[in-house]
Amino acid sequence: MTDGPPENPPPGWAPQQPPAYGQPGPGSWAAPGQQPPPPPGYGGYPAMPHNPYGPYGAPPALKPGIIPLRPLTMGDMFNGAIASVRANPKATLGLAAIVVTVSQLAAFGIQLATAGSMFDVLNMDEAALADNPEQILGPIATFLGGTILGAIVSVIAMVVLTGMLTSVVGRSVFGESIGIGEAWRQTAGRVLPLLGLGLVQTVMVFGIFLVPLLFVGVLVAPLVDVGVAVLLVFLFLVLGVIAAVFLYTKMALAGAAVVLERIGVAAAIGRSFRLVRGDFWRVFGILLLTSIIVGLVSAAVGAPFQIAGMFTGGDAQSLVEVSDGLYTSMALSTIGAIIGGVIASPFSAAVNALLYADRRMRAEAFDLVLQTEALERQRGGMPTGPQDLWHPSYGSGQRPPGYWPQ
């Protein structure tokens, strides 16, 4: 009798038998103080890598639509924004075409109405202008006022468009595709609150540095030296820009709250302040990078029209030809702005909406609500309406015990 397996095993037995209980198998010997090598993976497949969080690993996040249902990275937001446009081209590009065209035509009309003041300056008599140089301030102020008013109209339109496209993105999270008619029906009742929100945001952002500048320029400047006045204007300008950027970032999520949570303007602004709290710099960075991307795309699309406008009226010999060339240049610039806005605005609006969703996931564990809804839909359950699903009262607004954002 021997300790090893028999040389001629009985019928049905494999030639290589496992070692006796408590004895190491072949190739498993190790030096004292060392661990034997790990066994190969099952069926010849390589063994799974070591997982410090547990033997089974974490399952991948559900992704029924354009984003995974977990706290998002910046790449998730950008990819989801592009996916939302591809999934709903009619709703996103269609709404963008309507809103951008109307706003740009309105801004173009304002510019046409105020551009004549610049020609009044060109028609002024040089002798009369030398005797009374202050008469040039009125036409210049009119032209600058028209330019600022046109910019305000564009900002308000962007706020409204962002809110309207938020409903489209809210449905795309679960892979649902809707048309422009349904998107309009979902947001038609929120247009007035969005207009009010856009007006309030514009007044707060522009007013926070325009009012101090006007105060210094009109009341303080005549009483101090020129150098002191310039220094004060520069100081207030820098402080105003910082304050305006701060307010814009803190109120960036208010439009999504107006549409998805069905709340008023004041409540939406407060809601945005609370969601951004604790993550200001990340929100600011994402908004800044998005603005840079949108600006580059819009500039690239509108560049041919801008270049064509520069050559219009370049060889004009009379004031009439100069005015015609200026109006043609403004018209070409407006066309370029419309095309660039239609292409770039849906991306910006979608990123804003996904940023709102990400902040709710991180601050309120809203990803658990979305995951539960996705699982119910996979089981064939009745989908929850978007007015209920995105409302803060749906589900639990508190962070469950043991939950930490990924």
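Cut-offs used in this document
Residues numbered from 1 in each chain as written. Predicted model: local features only at pLDDT ≥ 70, side-chain atom pairs only at ≥ 80, totals over all residues. Heavy atoms only, no water. Helix = DSSP H or I, 4+ residues; strand = E, 2+ residues; numbered from the N terminus. Buried < 20%, exposed > 50% of the residue type's maximum accessible area, 1.4 Å probe, protein only. Polar contact = N/O pair within 3.5 Å; in protein donor to acceptor, adjacent residues only side chain to side chain. Contact = heavy atoms within 4.5 Å. Phe/Tyr/Trp six-rings, centres within 6.5 Å; stacked < 30°, edge-to-face > 60°. Salt bridge = Lys/Arg side-chain N within 4 Å of Asp/Glu carboxyl O.

### Some remarks on the side chain of asparagine 88
No. 1: You can see asparagine 88 is positioned in the loop between α1 (74–87) and α2 (89–123).
No. 2: Residue asparagine 88 is classed as buried on the basis of its relative accessible area, which comes to 1%.
No. 3: Within the local environment of asparagine 88, its side chain forms a polar contact with the side chain of serine 177, the two groups lying 3.0 Å apart.
No. 4: Beyond its immediate stretch of four places on either side in the chain, asparagine 88 contacts Leu93, Val168, Ser172, Glu176, Ser177 and Ile178.

### Considerations on the packing of aromatic side chains
No. 1: Under the counting rule described, the total for this entry stands at seven aromatic pairs.
No. 2: Measuring from ring centre to ring centre gives 5.5 Å for phenylalanine 246 and phenylalanine 280, while their planes differ by 35°; the resulting arrangement is tilted. In this pair, phenylalanine 246 sits in helix α7 (residues 226–250) while phenylalanine 280 sits in helix α10 (residues 280–311), placing the two residues 34 residues apart along the sequence.
No. 3: Through pairs of rings, three or more aromatic residues link up here, namely Phe246, Phe280, Trp281 and Phe284.

### Some words on the pattern of salt bridges
No. 1: Counted under the stated rule, the structure contains 14 salt bridges.
No. 2: Of the charged contacts, one joins glutamate 176 and arginine 377 as a salt bridge, the two residues approaching to 2.4 Å between their closest N and O atoms. Of this pair, glutamate 176 sits in the loop between α4 (137–172) and α5 (180–187) while arginine 377 is found in helix α12 (residues 366–378), placing the two residues 201 residues apart along the sequence.
No. 3: For arginine 362, the salt bridge identified is with aspartate 358, shortest N-O distance 2.9 Å. Here aspartate 358 and arginine 362 lie together in helix α11 (residues 319–364), a separation of four residues that amounts to about one turn.
No. 4: Residues joined in a network through salt bridges with shared partners are Arg171, Glu176, Glu182, Glu373 and Arg377.

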